[in-house]
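The primary structure of each chain is shown beneath.
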Amino acid sequence: MTWSKDSGGACIFWLNGIAGAGESTIARTVAHTWSDQNQLVGSFFFSKGRGDLGHAAKFVTSLAAQSTNTLPSIRPYMYKVIKKIPDIFQRGLADQWKYLIFQSLTDYLKEVSLQLKVFILVVDALDEYEGDDDTKLIL
């Protein structure tokens, strides 16, 4: 987990293996660890056949909601996005990601002195996502 402490390091850490090898257990464990260290912005664990967890419709909005709980000071930046783009929740994943997550975090980091803090999003079981259209977008 040393990569998670390096703000200049890789932006994505990809853990993969054969089904049943324990990747989800590892993802949940490190998510809890990063949450305890106040680095976890949010997480989403895809799960085939489990309603909203089986597709990407709630992916970005779930991460956005979690980020406002873990980083309350990001709320004004998200509110600014929602005010500027009132239909953001009806837009596609690309716009939701670009504005709700990326723009809000970017604007937040520009104005807040955080000494190169690393923020982590954990996404698990993307292979259980029930649809191919948005997989590349999520990656």
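Sequence order sets the numbering: in each chain, residues are counted from 1 along the sequence as written. Where totals are concerned, whole chains, interfaces and linings use all residues; where local detail is concerned, this predicted model gives features only for residues with pLDDT of at least 70, and gives and counts side-chain atom pairs only at 80 or more. Hydrogen atoms and water are omitted, and side-chain values are computed over all heavy atoms in the structure.

### Digging into the overall build of the protein
Selection rule: Each helix corresponds to a stretch of at least 4 residues labelled H or I by DSSP, and each strand to a stretch of at least 2 residues labelled E; elements are numbered beginning at the N terminus. When a residue's accessible area, from a 1.4 Å probe over protein chains only, is under 20% of the maximum for its type it is buried; when over 50% it is exposed; and in between it is partly exposed.
The secondary structure content of the protein amounts to 5 helices and 2 strands. Ordered by position in the sequence, the α and β elements of the protein form the string α-β-α-α-α-β-α. Counting the 139 residues in the protein, one finds 35% classified as buried.

### Some words on helix 3 (residues 75-84)
Rule in force here: What the arc describes is the spread of directions from the helix axis to the C-beta atoms. Contacts are assigned to residue pairs that have any heavy atoms within 4.5 Å of one another.
Of the positions making up helix 3, those classed as buried are Tyr 77, Met 78 and Val 81. An end-on view of helix 3 places all buried positions within 100° of arc, on one side of the element. Facing away from the buried side of helix 3 by over 90 degrees, the exposed positions are Pro 76, Tyr 79 and Lys 83. Summarising the contacts, the buried residues of helix 3 are in contact with helix 2 (59-70) and helix 4 (93-111).

### Thoughts on the confidence of the model for the protein
Applicable threshold: Residue-level confidence of the predictor is summarised by pLDDT, bounded by 0 at the bottom and 100 at the top.
Across the protein, pLDDT averages 76, with 67% of residues at or above 70. The least confident element of the protein is helix 5 (residues 135-138), whose mean pLDDT is 58; the most confident is helix 3, at 94.

### Topic: a nonpolar patch on the surface
Note the cut-off: Think of a patch as exposed residues, more than 30% relative accessible area, with no salt bridge, where like charges cluster within 9 Å and nonpolar side chains (Val, Leu, Ile, Met, Phe, Trp, Tyr) cluster within 5 Å. Here the open area of atoms and residues is found with the Shrake-Rupley method and a 1.4 Å probe, where only the protein chains shown may cover a residue. By definition here, a salt bridge exists when the distance from a side-chain nitrogen of Lys or Arg to a carboxyl oxygen of Asp or Glu is within 4 Å.
Judged by side-chain polarity, Phe 13, Leu 15 and Ile 26 come together as a nonpolar surface patch covering roughly 290 Å² of accessible area. Following the sequence through the fold, Phe 13 ends up in the segment before helix 1 (23-36). By relative accessible area, which is 52% here, Phe 13 ends up exposed.

### A word on the environment of Ile 26
Along the chain, Ile 26 turns up in helix 1. Of the residues examined, Ile 26 reaches a relative accessible area of 43% and is grouped as partly exposed. When the C-alpha atoms of Ile 26 and Asp 124 are compared, they prove to be 9.7 Å apart, with 98 residues separating the residues in sequence.

### Topic: the side chain of Ser 43
Inspection of the secondary structure puts Ser 43 in strand 1 (residues 40-45). In contact with Ser 43, other than residues within four places in its own chain, are Leu 63, Gln 66 and Val 122.

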